[in-house]
Every structure is written in C-alpha cells, then in structure tokens.
Amino acid sequence: MTSFTPQFVPSARLKEWLHDGAEIAVFDVREHGQYGEAHLFYGVTLPYSRLELDIVRLAPRRDARVVLYDTDASVAVLAAQRLAALGYTDVYVLEGGTHAWQQAGFTLFAGVNVPSKTFGELVEMAYHTPRVTARELAAMRERGDDLVILDGRPVSEYLKMTIPTSICCPNGELGYRIRELVPNPTTPIVVNCAGRTRSIIGAQTLINLGIPNPVMALENGTQGWYLEDLPLEHGSTRRYPDTVTPSSLAQMREASGALAERFAVPEVDASTFAAWASDPSRSLFLCDVRTPEEFAAGTLPGAQHTPGGQLIQATDQYVGVRHARVVLFDNDGVRAPIVASWLRQLGHDAYVLRDGLASGASLPVRAPGVEPTLPEIDAATLAAALTNDSAIVIDVRPSMNFRREHIAGAQWAIRPRLPNLPASRDIVLVAEERGIAELFAADWRRENAGDPRTISVLAGGFKAWAAAGYAVESTPDLPPDAECIDYLFFVHDRHDGNKAAARQYLAWETGLLAQLDEQERGAFRIGAPAAAK
C-alpha cells in the first residue's frame, strides 16, 4: 500500500476558514452517537462507517476544501486516506481533533442539526412568533373552540405520536396546501412538531405568507404536551389532501411570490443553471422540495430529494458545503420560494429554479464510490456453516437493531472499531445496506492483509434469515451503551416515555443561543432584507 500523509490544519486556522466566505465542508467522521455528544457548530455528520456512501452527495465537487475531524484525529486520518483514493484533492484533518478545538477556546455543541435548531430559536426571538402552551391548547380543545392543529413533521414521525385531532402537513407543504386544510380565514391554526424548531418555522411561515388566520406555534411540541401529562395519539393517518384547487394555488402562488420578493430570493433559469453546473470553482446542489410521492414519480436528473420542511430543519443532512449554490425547485411555484426564503436567512446561497420541474435542468448523476465485490451467501448455506462451526457472523447493522434481534451467536461490529476475529472461520456480514458491508470488509482486508479466509454477505440480510425461521436472539443490553457509538441516546430517549430526557432535550434546544460566538451568530441573516412589517 502506498504511504499517505494527510494535511493537518490547526484549530485557529480552521476557525478563520469557517468565516472567510469561501466554500468549505467540515465533516465529523465519528459515528452518530459520538458526534451528537460534542461537535463543531458547522461540523456535518459523516460517519466513517458510511463515508464513501454519502460523501459524493454531501460534497459533490472533488476539489472542494474539505476538513475532517474526530476526537483526536485518528479516524479522520483514515477517512482522509479514503477520500484521497476517491479523488478528493483538497482534504485536511483538524489537528488534535475536538480536544484541540476546545483547548483553543472554541465551543463544542451537543445534539444534531445544530445550525438549524439554533436558527429556530433566533427566528422566534426576531419575529416574536406567537405561541400557545400545551395547557392552553388542551383548554381550547376541551371548550370545542374552532381550531385546526397542523403537525409540521414528515408522515413517518407523525405516525409515532401526535396531538389528538392534529393533521399531518409537513412544513414544506404548509404554504401550498393551507387553504385546502383551513378554508375559513378566521379559524385559528396551531402548528406543532416534536419539540420547537418546526413548530416555530411552520407557524412563522404562515404568518410571513400573510394568511389572515390567527397562527400560533405549540410551545415545546409533543414533548411539552407529554410533560403536562396530556395524552398523545399514536398511529394517526390524518394528512393533507393530495390536490390543490386552481383558486387556492393562484392565491398561494401570489403569496409565495410576495414572500420571495420580500426576502430577495433570486431565480435562476435553466441556461444559467447549466453554466453553474460546469463551473469547476463552485459546488452546486439541486434540491427537489416536493413530497416523497412526487419525487418518486419523477424528478430532474441529479436532483436529491430534500422535503422543504426538513431542508430547513436539518440542512446539514443534505448540503455539506458551506457557501455552495443551492438551487430549489417544485412544480407549482409555491413551495420552493418559501423554503428558499428561509435558507437565505439561514445564511445559504439559495435560489429558485425558474419553471421548476419543467425547466429541463440537470446535474450529472454521481454514483456513490462503493462497488459491490463481496460474494453472497444464502440463509440455508449460512445455517449449515454455523452448524459445522466454519463461519462467524458479524452484524454491521445499527446497534439498536442488533439489540432488538439478531442471528443467534452473531457479534456486533462497526467499521471504525474492527474486531479481532478467531482465525480459520470464514466471515459472513449481515447488513441493511450492502455498501456498509463492503466498506467494513475493505477495511478489514487492509488491516489483515494476507488473511485467506472468505468474507461474504448474507443475501437478503437479517430479514431473510428471520423469514426462513432460523434461530434469532435479543440482547437488550448488548452491545453495552458505551459501545453503541452510532446511537445518540439523549435525542432518542425523549420519544420513549422518558420525561427527564425530554426536559434535557428542551433545555439543550433553548440553551443553544448562549453558546454561539459573534461570528456564528452573525452568519445568520434573519429578517434580511425584509422591510419592517
């Protein structure tokens, strides 16, 4: 193997780079649980276990300035080597990792989607977004007040738990479908989410659009409701209507256009977009903000699906390069301008694609940098190999899935912590994504060069094994919490009836503003260039 020497950047220099206005991608290559405990404000989660699967989507330009970090730079050096092999040419490692960053006097942040969550708190402060407490909303419902509660989260989250009688309408759909949901312009509207951000952004979106209804955000969302010992509904299927009438569309398109003008949201035509696509000096993202069903039915080549509300709520899950061009589109002229108005206030260089889905615009379709190489083994063959003790099963699925159920006798593992395996037995990997197994196997081969044993992947994964009726087991405490580096407990426990975790989460969210430095706070452009209301 050829030697590889990474470029290191000290903390003070990286801090300068983050605010020099040029493109930069800063990736935290630790696993999700480690990332959520303490990371840089602009650090984007890119776990080493799936590095090559996601890097091309998050940082499509291979000569973009990329900085990788972890706790002490050990995993980041490995990640830099892998990116160099993919053709990334301007890759750095944060010298000393998060330890050095903190020692240099810079803040580390807990949680996920921190810039977007911080943005929600700043929006509420700047716009004085009206809000209603859980107790107040419960009293309104008990009185039988004329009221519509809209849950601004995706359907998958809504199904888990919501406020009774609420209707699922993800934030990105609110401006498009509000008149179908609430035809009476005097009916009060309450927008909720699980916590705070999407409640605030959803309510303020409707207010910014100028709808005449009284609009409020539910303070602390379903968590605030639960903390007041009020009952949540589970499995609700109420959702927005699929169609929008021409009169509603015309009304909301006008409102959306006025909003885009208020926030100076620029349009870009297909020819300009094509020029940008061939510009080697700038990164370009093409984002379809429509529903999953619409995206699946057909989109523009090279576009990624970025549901509008989620693109605001979790921008760093879709756009990994700061100061990149982000071009949004829809097929209605309503949704993309609304989302772009928020992204520009978030500090992103966001545009709306003129003519949207009908524009003919495209980007090259970039395949992830992982080729299938592992042979497959079926469940029956694996069962026979386990019976004669000629194989060992390594499960590389998420740790919580392993705890819930796995092949009897399997061992859990993850790419940055390769296990020491007993010699002679062949290795069979169990994965939910084929690419995860491929990356794990490639690293294991590099670490164990010359080991002749076969590494294969179970065809159909754990589901195929369980469906065939072979032995499975559950280990609720294994791997132990400390080894579950892919799972962030404090974010997830709040949804499992843990009131202390819910309170901790809400305190974290409301406490973000106090952690910002002047440069981080100054990067937001809330209200600009809006005229006074």
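Calculation criteria
- Residues numbered from 1 in each chain as written.
- Predicted model: local features only at pLDDT ≥ 70, side-chain atom pairs only at ≥ 80, totals over all residues.
- Heavy atoms only, no water.
- Core = buried A, V, L, I, M, F, W, Y, C linked by side-chain atoms within 4.5 Å.
- Buried < 20%, exposed > 50% of the residue type's maximum accessible area, 1.4 Å probe, protein only.
- Helix = DSSP H or I, 4+ residues; strand = E, 2+ residues; numbered from the N terminus.
- Contact = heavy atoms within 4.5 Å.
- Expected span 1.5 Å × (residues − 1).
- Arc of directions from axis to C-beta.
- UniProt positions renumbered as here; feature names shortened; annotations may be inferred.
- Domains from an automatic or database assignment.
- Pairing = 2+ DSSP bridges.
- Axes fitted to C-alpha atoms, helices over the stretch in contact; angles between N-to-C directions.
- Right-handed = clockwise from strand over helix to strand, strands pointing away.
- Nonpolar A, V, L, I, M, F, W, Y, C, P; charged D, E, K, R; others polar.
- Phe/Tyr/Trp six-rings, centres within 6.5 Å; stacked < 30°, edge-to-face > 60°.
- Lys NZ or Arg CZ within 6 Å of the ring centre and 35° of its normal.

Q: How do you make sense of the nonpolar core when you look at a structure like this?
A: One broad trend across soluble globular proteins is that nonpolar side chains are buried collectively. Counting residues in hydrophobic clusters, the biggest one holds 101 residues, and the most contacted among them are L14, F27, L68 and L328. At 7 residues, helix 16 (residues 335–346) tops the list of elements feeding residues into this core. Excluding residues within four positions of it along the chain, L14 makes contact with V9, I24, V26, L40, V67, L94 and W101. L374, I392, A431 and A441 belong to the second largest nonpolar core, which has 19 residues in total.

Q: I keep staring at unusual backbone geometry and nothing clicks. Help me out?
A: Glycine aside, residues mostly have negative phi, and peptide bonds are mostly found in the trans state. Here L478 and P479 are connected by a cis peptide whose omega angle stands at 0 degrees. Along the chain, P479 turns up in the loop between strand 22 (472–473) and helix 21 (489–492). In this structure, D229 is a non-glycine residue whose phi angle is positive, near 60 degrees. Position of D229 relative to the elements: it lies in the loop between helix 11 (221–227) and helix 12 (246–262). The backbone of S424 shows a phi angle near 85 degrees, a positive value even though the residue is not glycine. Among the secondary structure elements, S424 is positioned in the loop between strand 19 (411–412) and strand 20 (426–430).

Q: What is the right way to read helix 12 from this model?
A: Count 3.6 residues to each turn of an α-helix, and residues three or four apart come out pointing the same way. For helix 12, with 17 residues, the first-to-last C-alpha span of 24 Å sits near the 24 Å given by 1.5 Å per residue. Turning to helix 12, its buried residues number three or more, namely S248, L249, M252, A255, S256, L259 and A260. One side of helix 12 holds all its buried residues, which, seen down the axis, span an arc of 140 degrees. Exposed residues lying more than 90 degrees from the buried face of helix 12 are P246, S247, E254 and E261. Packing partners of the buried residues in helix 12 comprise helix 9 (171–181), helix 10 (197–208) and helix 16.

Q: What is the right way to read the UniProt feature "domain: Rhodanese" (unreviewed entry) in the protein from this model?
A: In the UniProt entry, the feature "domain: Rhodanese" (unreviewed entry) is given for residues 20–110, 143–234 and 288–474. Summarising residues 20–110: 37% helix, 15% strand, and an end-to-end C-alpha distance of 25 Å. The span residues 143–234 is 40% helix and 15% strand, and its two end C-alpha atoms sit 23 Å from each other.

Q: It is not clear to me how the domain arrangement of the protein should be interpreted in this structure. Could you clarify?
A: By a frequent convention, interface size equals the accessible area lost on bringing the separate parts together. You can read the domains of the protein as domain 1 (7–112), domain 2 (118–244), domain 3 (262–365) and domain 4 (376–475). Each of domain 1 and domain 2 has a C-alpha centre, and the two are 36 Å apart.

Q: Got a minute to help me understand the sheet that holds strand 17 (residues 391–395) in this structure?
A: Hydrogen bonds between backbone atoms are what pair the strands of a sheet, whose relative direction is either parallel or antiparallel. Taking strand neighbours across the sheet as the criterion, the 5 strands line up as 16-21-20-17-19 in an open arrangement whose pairing is parallel. Only two strands of the sheet have a single partner each, and these edge strands are strand 16 (376–377) and strand 19. As judged from the 5 bridges shared by strand 17 and strand 20, these two strands associate in the parallel manner. Looking at strand 20, one finds that I394 is bridged to L429. The sheet strands contacting helix 17 (residues 379–387) are strand 16, strand 17, strand 20 and strand 21 (455–458), and the helix crosses strand 17 at an angle near 120 degrees.

Q: What exactly am I supposed to notice about the environment of I24 here?
A: Inspection of the secondary structure assignment puts I24 in the loop between helix 1 (11–18) and strand 2 (25–28). Given a relative accessible area of 0%, I24 falls into the buried group. The spacing of I24 and R253 is 229 residues in sequence and 35 Å in space, taken between C-alpha atoms. Setting aside chain neighbours within four positions, we find I24 in contact with L14, W17, L18, R65, V67, G320, V321 and R322.

Q: Hey, could you run me through the sheet that holds strand 9 (residues 189–192) in this one?
A: Judged by pairing direction, the sheet is parallel, and its 5 strands sit side by side in the order 6-10-9-7-8 without closing on themselves. The strands lining the two open edges of the sheet, one partner per strand, are strand 6 (131–132) and strand 8 (167–168). By the bridge criterion, 4 bridges tie strand 7 (residues 148–151) to strand 9 in an arrangement that is parallel. For L150, the partnering residue across the bridge sits in strand 9 and is V191.

Q: What am I meant to see in the pairing of strand 14 (residues 325–329) here?
A: Looking down a regular strand, the side chains alternate between one sheet face and the other. With 5 of 5 residues buried, strand 14 is to be regarded as a mostly interior element. Of the two faces of strand 14, the one lined by R325, V327 and F329 and the one lined by V326 and L328 are each fully buried. Sheet analysis places strand 12 (residues 284–288) next to strand 14, joined by 5 bridges and oriented parallel. Residue pairing for strand 14: C287 is matched across the bridge by L328. Pairing analysis gives 4 bridges linking strand 14 to strand 15 (residues 349–353), with the strands arranged parallel. From the neighbouring strand, V326 faces strand 15, where its bridge partner is A350. For the crossover from strand 14 across helix 16 to strand 15, the handedness is right-handed.

Q: Honestly, the pairing of strand 15 in this entry has me stumped. Any pointers?
A: For strand 15, the buried fraction is high: 4 of the 5 residues fall into the buried class. For strand 11 (residues 267–268) and strand 15, the ladder comprises 2 bridges, and the chain directions are parallel. Following the sheet pairing, E267 is matched in strand 15 by V352.

Q: Is there a simple way to explain the packing of helix 3 (residues 51–58) against helix 19 (residues 434–447) in this structure?
A: The geometry of a pair of packed helices is captured by two quantities: the angle between their axes and the separation between those axes. Running from amino to carboxyl end, helix 3 crosses helix 19 at an angle of 115 degrees, the nearest separation of the two axes being 9 Å. Facing L51, E52 and L53 of helix 3, the residues of helix 19 in contact are G435, I436 and L439. Split by residue class, the contact of helix 3 with helix 19 holds 4 nonpolar, 1 polar and 1 charged.

Q: Mind showing me how you'd approach the packing of aromatic side chains here?
A: Summed over all chains, the structure comprises 12 aromatic pairs. With a centroid separation of 4.6 Å and 40 degrees between ring planes, the pair formed by W101 and F106 is classed as tilted. For W101, a relative accessible area of 3% gives the class buried. An aromatic cluster of at least three residues, connected via ring pairs, comprises F41, Y42, F109, F119, Y127, W342 and F524. Over the face of the ring belonging to Y240 we find R239, whose NZ or CZ atom lies 4.3 Å from the ring centre. In this arrangement the basic side chain of R415 is found over the ring face of Y48, its NZ or CZ atom lying 3.9 Å from the centre.

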